[in-house]
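Letter by letter, the chains look like this.
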Amino acid sequence: MSKLTTLGQRLYRGEVSYDFLGRWKTWYIFSAIILLISVGALVGRGLNLGIEFKGGADFSLPNATCSVEEARVVAETQTGGQSIITVTGAGTLRVQTITLTPEQSSVLAGQLADTCAISKDDIKYQVVGPTWGAEISQKAIQGLVVFLILVTLFLTLYFEWRMAIAALVALMHDLVITIGVYALIGLEVTPATVIGLLTILGYSLYDTVVVFDKVKENTRSITGQSVFTYEESANLAVNQTLVRSINTSIVALLPVLAIIFVGGFLLGAGTLLDLAVVLAIGIAIGTFSSILIATPVLSQLKSATPEMKALAARVYARRSQAQRKTVVDGEPAVAAPTIRVDRAIDPAERQQPKKVSRSKRKKS
Amino acid sequence: MATPAKTRPIRLLALLAVIVVGFSVWAFFPGTSSSIRLGLDLQGGTQVILLPKAVTEGAEITEEQLAQTVEILRARVNGLGVAEAEVTTQGSGNDAAIVVSVPGLNQDRIVELVQQTAMLDFRPVWNIYGPTPAPPAVGAATPAASVPPVQAAENTPEFQADLAALDCTDPTITAGGTPNDPVKWLGTCEQSGATKYSLQPAFINGINVTDATAQLPQSGVTWVVSLEFDGEGAAALARASTELSALPECGSGAEPCNAFAIVLDGVVVSAPRFNEPIIGGQAQIEGNFTAQEARDLASILKFGALPITLDPVDVTTISPTVGRDQLQAGLIAGGIGLLLVMAYLLFYYRLLGVVAGLSLVVAGGLLYVVFAVFSKTIGLTLTLAGVAGAIVAIGITADSFIVYFERIRDEIRDGKSLRQACDSGWIRARRTLLAADFVSMLAAIVLYLLSVGNVRGFAFVLGLTTLIDVIIAFWFTHPLTALIGRSKFMQKGSRWTGLDPDRMGGISVADALAGQSRRKRKEATT
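Note that the structure is a prediction, hence the values are computed from the model and not measured. (Residues numbered from 1 in each chain as written. Chains lettered and ligands numbered in written order. Predicted model: local features only at pLDDT ≥ 70, side-chain atom pairs only at ≥ 80, totals over all residues.)

K.L.:
Just give me the short version of the overall build of chain A, but keep the residues and values in it.
P.N.:
Summing up its helical and strand segments, chain A has 15 helices and six strands in all. Expressed as a percentage of its 364 residues, the buried residues of chain A come to 45%. Contacts spanning at least 24 positions in sequence make up 76% of the contacts within chain A whose residues lie at least 6 apart. (Helix = DSSP H or I, 4+ residues; strand = E, 2+ residues; numbered from the N terminus. Buried ≥ 20, exposed ≤ 12 C-beta atoms within 10 Å, placed from the backbone. Contact = placed C-beta atoms within 7 Å.)

Next comes the structure, spelled out in C-alpha cells:
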C-alpha cells in the first residue's frame with residue numbers, strides 16, 4: 001500500500017512516468033481486437049432481446065414445485081406456440097411464450113399456478129405487444145442522439161472540438177464493447193440494460209472530462225515554452241491523474257459488485273442484476289478508454305496542428321542542442337529530461353540544479 | 001491560479017444544515033405521510049401501458065384529448081377505491097403513452113377497466129329514478145302502469161330489473177367504464193350519483209359535435225354552453241328535439257320524457273331538457289352553471305368528441321413479495337456498497353477518508369429527505385431503476401472527494417501549506433467537478449425529457465444525485481476539510497491524517513511548510 005501511495009507522489013512529480021501515449025499502438029491494437037470480437041459477436045450471434053423488445057409474455061414462478069417439462073406442456077397447450085422455460089436462482093421457474101392477450105395470460109397464469117402448486121398471486125407476469133419495444137428503443141436512440149449533440153457542443157465550448165471528438169471516440173468504443181459483451185455471453189437485453197448503457201455513457205464521459213481537465217491545465221501555456229511537446233504534457237496529465245482514476249474506478253466498482261453479489265446470490269435474475277452486470281463491464285472499459293484511447297486520440301489530433309508541430313520541432317532542436325553541449329563539456333550524454341510538474345515548465349527554475357553542479361565541478 | 005478565495009467553512013456548513021433540516025421538516029412534518037412512495041416494481045401491483053390511437057384513421061390526438069382521456073381513466077381507476085392508484089402520461093401527441101399503475105390488484109380487472117374506449121353520446125331520456133335500488137313493486141312501477149307499458153322492444157323486463165337493482169350511491173358505478181353501446185338501451189347514473197336514468201339508444205355521437213364553448217350571455221347571469229354540430233348531427237338534433245320537446249317533463253313519471261342525456265364513458269354528465277325544436281345545428285345548454293361547471297362541460301363535449309382507442313401494449317404484474325425482496329436486496333446491496341466504499345476511503349485517505357465517509361452519509365440522508373419531499377409534492381415514486389441509480393451514485397459522489405483530495409496532495413507537493421492547499425486545491429477540483437457533473441446533469445435532463453417508462457425514473461434519480469453531489473462537495477466536504485486542515489493535528493502531519501510523509505513521498509505537511517525557508521538556507525550556505 002505504501003508503495004502505491006508514494007507512487008502517487010512520484011507520478012505527480014514525473015519521477016516515475018509511464019509512457020502511456022507513446023505506446024498507443026499497443027492500446028489501439030488491443031482495442032481493435034476487442035472491438036472486432038464485439039462486432040463479430042453482434043453480427044454473428046446477435047443480441048438476446050428480452051420480451052420488452054420483441055413482444056411476448058413472461059411468467060416468473062417463485063418456489064415452483066413442478067418440473068420444466070410439466071410447465072412446458074401447460075404453456076404450449078395453452079398458447080399453441082413454442083415457449084422457453086428456464087430455471088433461475090432460488091428455484092424460480094421462468095416461462096416465456098409468444099404474445100398473449102391479457103385474458104389469455106391470466107388463464108395461463110392460473111393454470112401454471114395449479115400445476116406448480118403455488119398461489120396465482122405470487123406469479124409475476126408481463127405481457128408486451130410487439131410494437132412497444134420498437135417504440136421505447138426508438139425513444140432511447142432519439143434521446144441518445146440529442147444528448148450526444150448537446151455534449152459535443154458543451155465539450156467544444158468548454159475544451160475544444162478535438163477533445164469533444166476524442167471523448168466521443170472513447171464513448172462509442174465503450175458502448176460497442178459493452179453491447180458486444182452482451183452478444184457474446186448471450187445475456188438478455190432488457191430495458192434495465194438500456195438504462196445501464198445510458199449510465200455507462202455518463203460515466204465514460206465523466207471520467208474522460210476529469211482526465212481532459214488535467215490535460216487542459218497542463219497544456220494551457222504550452223506554446224510559450226520549448227521543453228515539452230504536447231504529447232509529453234498530455235502523458236504527464238494521464239500519469240498525474242492515474243491514482244485518481246484507479247481510486248475512482250475501485251470506488252465506482254465496489255457498489256456495483258455488491259449488487260452483483262447480492263443480486264446473484266439472493267435474488268436470481270432481475271432488474272438489479274442486469275444493471276449491475278452492464279455497469280461493471282462499462283466502468284472497467286470506461287476507465288481503460290479515458291486513459292488509453294481518449295487521450296492518445298486527442299494527442300494525435302492535437303500534435304497534427306501546425307502550432308504543435310512547430311513546438312515539437314523546437315523541443316527536439318533544443319534537446320539535441322543540450323545534448324551536444326554536454327558532450328562538448330565532457331559530461332556523459334543525458335537522455336531527454338524526465339518530465340516534471342508545473343514548476344518544471346518554468347525554464348528558469350529548471351536550470352537551477354545545473355548551475356549548482358557546474359560550480360561544484362569548478363571547485364573540485 | 002488566482003489567490004485562493006477566503007473560505008468561511010462554518011458559514012457553509014450552517015447553510016447546509018439549514019437545507020437538510022428544512023427538507024427534513026418538510027418531509028417529516030407531523031400529520032402527513034413521510035415515507036417514500038414505492039414504485040410498482042417494489043411494492044407489487046399491476047402496471048398497464050396504453051397507447052392511445054385515434055379511431056379515425058390518421059387523425060392527430062391533441063393534448064386536450066389526451067388530458068381528457070387521462071381524466072376519464074383516473075375516474076375509472078379511482079372508482080376501484082385503491083389508494084395510490086396512478087394514471088400518468090408520457091410523451092405527447094401521437095407518440096404519447098398512458099401509464100396506469102394500481103398497487104396490489106389482480107390484473108384482469110384493471111386491463112378490462114382501462115382498455116375501453118370512452119364514448120360520448122347523446123341519448124333521449126326514458127325516465128328518471130331515485131339513486132338507490134328500488135324497493136320491489138313501488139315507485140317506478142306504479143306510474144309506469146298509467147302510461148303505455150313497454151313501447152320499445154329492448155325495454156325488456158330484464159333491463160328494467162337490472163335498472164332497478166342499480167345503486168347510484170356505489171362509487172364504482174359512477175366512476176364510469178361500464179360498457180356503453182350506443183345502439184342499445186342504457187341504464188345508468190348521474191355523475192354525482194343523485195339520479196338514475198333509463199336511456200334510449202343514442203341519437204347523436206360525440207363525433208358529430210364540432211365545437212363547444214362556455215359563454216356568459218349578455219343578458220344572462222348564469223353561464224351557458226354553446227354547441228355546434230356537423231350536418232349529420234344537426235339533422236339528428238332537429239329530429240330528436242322536435243319529438244322530445246313535445247313530451248312531458250321528466251320526473252313526472254311520464255315515459256319517455258323531454259330531456260336528453262349527455263353520456264360520457266357510460267355516465268350521465270348532464271341531462272338538459274329540450275325547450276323547443278332546434279333547427280340549424282346550433283344549441284345552447286342552460287342551467288345554473290357556474291363558470292367552472294360550464295367550462296368543464298364544454299371541454300367534455302369538445303374533446304370527448306373524438307373517441308380514442310386504448311391499446312394495452314405492456315401489462316406487468318408484480319407480486320408484493322417479489323417487490324419486497326427486490327427492495328430488500330437493493331437496500332442490502334446499497335448498504336454493503338456504501339460500507340465497502342467507506343472502508344476503502346478510510347484505508348487510503350485516513351482522516352480525510354472520515355470526511356469522505358461523513359459526506360457520503362450526509363449525501364445519503366439528503367437524498368432520502370429530498371426524495372420524500374418530491375414523493376409528497378409531485379408524487380415521485382422510487383423504482384428499482386432508481387435504487388440502482390442511487391447505488392451507482394455512491395461511486396460517482398465519492399469520486400468528487402477523490403478528485404479534491406488528490407488535488408490537495410498535489411498542492412502540498414508543490415510546497416503549499418495545508419491550509420492553502422485545502423483552498424487552492426478546491427478551486428482546481430471545483431472546476432473539474434462542475435464540468436464532469438454538468439455532463440451527468442445533461443444526460444439526466446435529456447433522458448428525462450425524451451424517454452418513457454423506467455428510464456425516466458432512473459434519469460430523475462441521476463439528476464437528483466448529481467445535484468446533491470455538487471451541494472455536498474461545495475457545502476460539506478470542502479468546508480469540513482478546510483476546517484480540519486486548520487487543526488493542530490493535521491498541521492503536524494501525523495500518519496493518520498492521510499497526508500503523512502510516508503504517503504506523500506517523503507514530504508510531510510510540516511516539511512512542505514518549512515520547504516521555503518530550508519531552500520533559502522541552502523542557498524545562503526553555498
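K.L.:
An account of the overall build of chain B is requested, with residue identities and associated values reported.
P.N.:
Along the backbone of chain B there are 17 helices and 13 strands. Here chain B holds 526 residues, and 48% of them are scored as buried. At a minimum sequence separation of 6, the contacts of chain B that also span at least 24 residues come to 73%.

K.L.:
Tell me what's going on with the pairing of strand 11 (residues 267–270) of chain B, and back it up with residues and numbers.
P.N.:
Residue and element names in this part refer to chain B. When strand 10 (residues 260–264) meets strand 11, the two strands line up antiparallel, connected through three bridges. Note on strand 11: the bridge partner recorded for Ile262 is Ser270. Taking the residues between adjacent antiparallel strands as the criterion, strand 10 and strand 11 are bridged by two residues, where Asp265 takes a positive phi near 55°. (Pairing = 2+ DSSP bridges.)

K.L.:
Describe unusual backbone geometry, naming the residues involved and giving the relevant values.
P.N.:
In this structure, A:Ala117 is a non-glycine residue whose phi angle is positive, near 55°. Take A:Ala117: it is sitting in the loop between helix 5 (102–115) and strand 5 (124–128). Unlike most non-glycine residues, B:Arg350 shows phi in positive territory, near 50°. As for its position among the elements, B:Arg350 is in the loop between helix 10 (320–349) and helix 11 (351–377).

K.L.:
Any details on the packing of helix 10 of chain B against helix 11 of chain B? Residues and values, ideally.
P.N.:
Residues and elements named next belong to chain B. At a closest axis distance of 7 Å, the pairing of helix 10 and helix 11 adopts a crossing angle of 155°. Between helix 10 and helix 11, the interaxial angle falls into the category roughly antiparallel. In the packing of helix 10 onto helix 11, the handedness of the crossing is right-handed. Packed against helix 10, whose contacting residues are Leu338, Val341, Met342, Leu345, Leu346, Tyr348 and Tyr349, the element helix 11 presents Leu352, Gly353, Val354, Ala356, Gly357 and Leu360 at the interface. Class assignment for the residues of the contact of helix 10 with helix 11 results in eleven nonpolar, two polar and no charged. (Axes fitted to C-alpha atoms, helices over the stretch in contact; angles between N-to-C directions. Parallel < 35°, antiparallel > 145°, perpendicular 65-115°, else oblique. Left-handed = near helix turned anticlockwise from the far one by under 90°. Nonpolar A, V, L, I, M, F, W, Y, C, P; charged D, E, K, R; others polar.)

K.L.:
I'd love a proper account of the sheet that holds strand 9 (residues 223–229) of chain B, names of residues and values included.
P.N.:
Residue and element names in this part refer to chain B. Spatial strand order, 8-9-12: three strands in an open sheet with antiparallel pairing. The sheet is open, and its two edges are formed by strand 8 (209–215) and strand 12 (282–289), each paired on a single side. Averaged over all neighbouring strand pairs, the angle between strand axes comes to 20°, with direction disregarded. Here five bridges tie strand 9 to strand 12, and the two strands are oriented antiparallel to one another. Bridging from a neighbouring strand, Val225 pairs with Ile285 of strand 12.

K.L.:
Give a description of the nonpolar core that names residues and reports values.
P.N.:
Of all hydrophobic cores here, the largest spans 142 residues; its most connected members are A:Ala167, A:Leu272, B:Val341, B:Ala398 and B:Ala443. A total of 18 residues in this core trace back to one element, the largest contributor, which is helix 12 (residues 384–413) of chain B. In contact with B:Ala443, not counting residues within four places along its chain, are A:Phe147, A:Leu198, A:Leu201, A:Gly202 and B:Leu462. (Core = buried A, V, L, I, M, F, W, Y, C linked by C-beta atoms within 7 Å.)

K.L.:
Requested: an account of the interface of chain B and chain A, with residues and values cited.
P.N.:
At the interface, 65 residues of chain B touch 68 residues of chain A. With 16 residues, helix 12 of chain B is the single largest residue contributor to the side of chain B that touches chain A. Looking at the side of chain B that touches chain A, its residues break down into 38 nonpolar, 15 polar and twelve charged. As judged from the four bridges shared by strand 5 of chain A and strand 13 (residues 308–318) of chain B, these two strands associate in the antiparallel manner. If you follow A:Val127 over to strand 13 of chain B, its bridge partner there is B:Val315.

K.L.:
Got a sec to walk through the confidence of the model for chain B? Specific residues and values, please.
P.N.:
All names here are of chain B. Summing up the model confidence of chain B, the mean pLDDT is 76 and the portion of residues at 70 or higher is 79%. For chain B, per-element mean pLDDT is lowest for helix 5 (residues 141–146), which scores 39, and highest for helix 11, which scores 88. Note on residues 136–150: pLDDT under 50 across the span, and twelve contacts to partners over four residues away in sequence or across chains. Here the prediction assigns the complex a pTM of 0.68, and the interface score ipTM is 0.73. (pLDDT = per-residue confidence, 0-100.)

K.L.:
Describe the environment of B:Gly193, listing the residues and the values that go with them.
P.N.:
Residue and element names in this part refer to chain B. With respect to the helices and strands, Gly193 occurs in the loop between strand 5 (186–189) and strand 6 (196–199). With 18 residues separating them along the chain, Gly193 and Ala175 place their C-alpha atoms 9.8 Å apart. The residues contacting Gly193, other than those within four sequence positions of it, are Pro131, Cys168, Thr169 and Thr174.

K.L.:
Run through the confidence of the model for chain A, naming residues and quoting values.
P.N.:
Residue and element names in this part refer to chain A. Of all residues in chain A, 81% attain a pLDDT of 70 or more, and the chain-wide mean is 78. Taken as a whole, residues 333–337 scores under 50 in pLDDT and shows five contacts with residues more than four places along the chain or in a different chain. Contacts from residues 339–354, a stretch scored under 50 in pLDDT, to residues over four places away or in other chains number 18 contacts.

K.L.:
Which residues make up the packing of helix 7 (residues 161–185) of chain A against helix 8 (residues 191–218) of chain A, and what values go with them?
P.N.:
Residue and element names in this part refer to chain A. Closest axis-to-axis distance for the helix 7/helix 8 pair is 10 Å, and the angle between their directions is 145°. The hand of the helix 7/helix 8 crossing is right-handed. Taken together, the residues of helix 8 that come into contact with helix 7 (itself represented by Met163, Ala167, Ala170, Leu171, Asp174, Leu175, Thr178 and Tyr182) are Thr193, Leu197, Ile200, Leu201, Ser204, Leu205, Thr208 and Phe212.

K.L.:
Break down helix 8 of chain A for me, citing the residues and quoting the values.
P.N.:
Between its first and last C-alpha atoms helix 8 of chain A spans 41 Å; for 28 residues at 1.5 Å apiece the expected length is 40 Å, and the two agree. Most of helix 8 of chain A sits inside the fold, with 26 of its 28 residues counted as buried. (Expected span 1.5 Å × (residues − 1).)

K.L.:
A description of the environment of B:Thr466 should follow, citing residues and the corresponding values.
P.N.:
All names here are of chain B. Examined against the element boundaries, Thr466 turns out to sit in helix 14 (residues 454–485). In the structure, Thr466 is positioned 73 residues away from Ala393 in sequence and 7.7 Å away in space, judged by C-alpha atoms. In this structure, Thr466 is in contact with Asp437, Ser440, Met441 and Ala444, ignoring residues within four places of it in sequence.

K.L.:
Would you mind going over the environment of B:Leu327 in detail, with residue names and values included?
P.N.:
Residue and element names in this part refer to chain B. With respect to the helices, strands and loops of the structure, Leu327 is situated in helix 10. Accessibility expressed as a C-beta count within 10 Å gives 19 for Leu327, which makes it partly exposed. It is 8.3 Å that separates the C-alpha atoms of Leu327 and Gln43, two residues lying 284 residues apart in sequence. Non-local contacts of Leu327, meaning those with residues more than four positions away in its chain, are made with Leu38 and Leu42.

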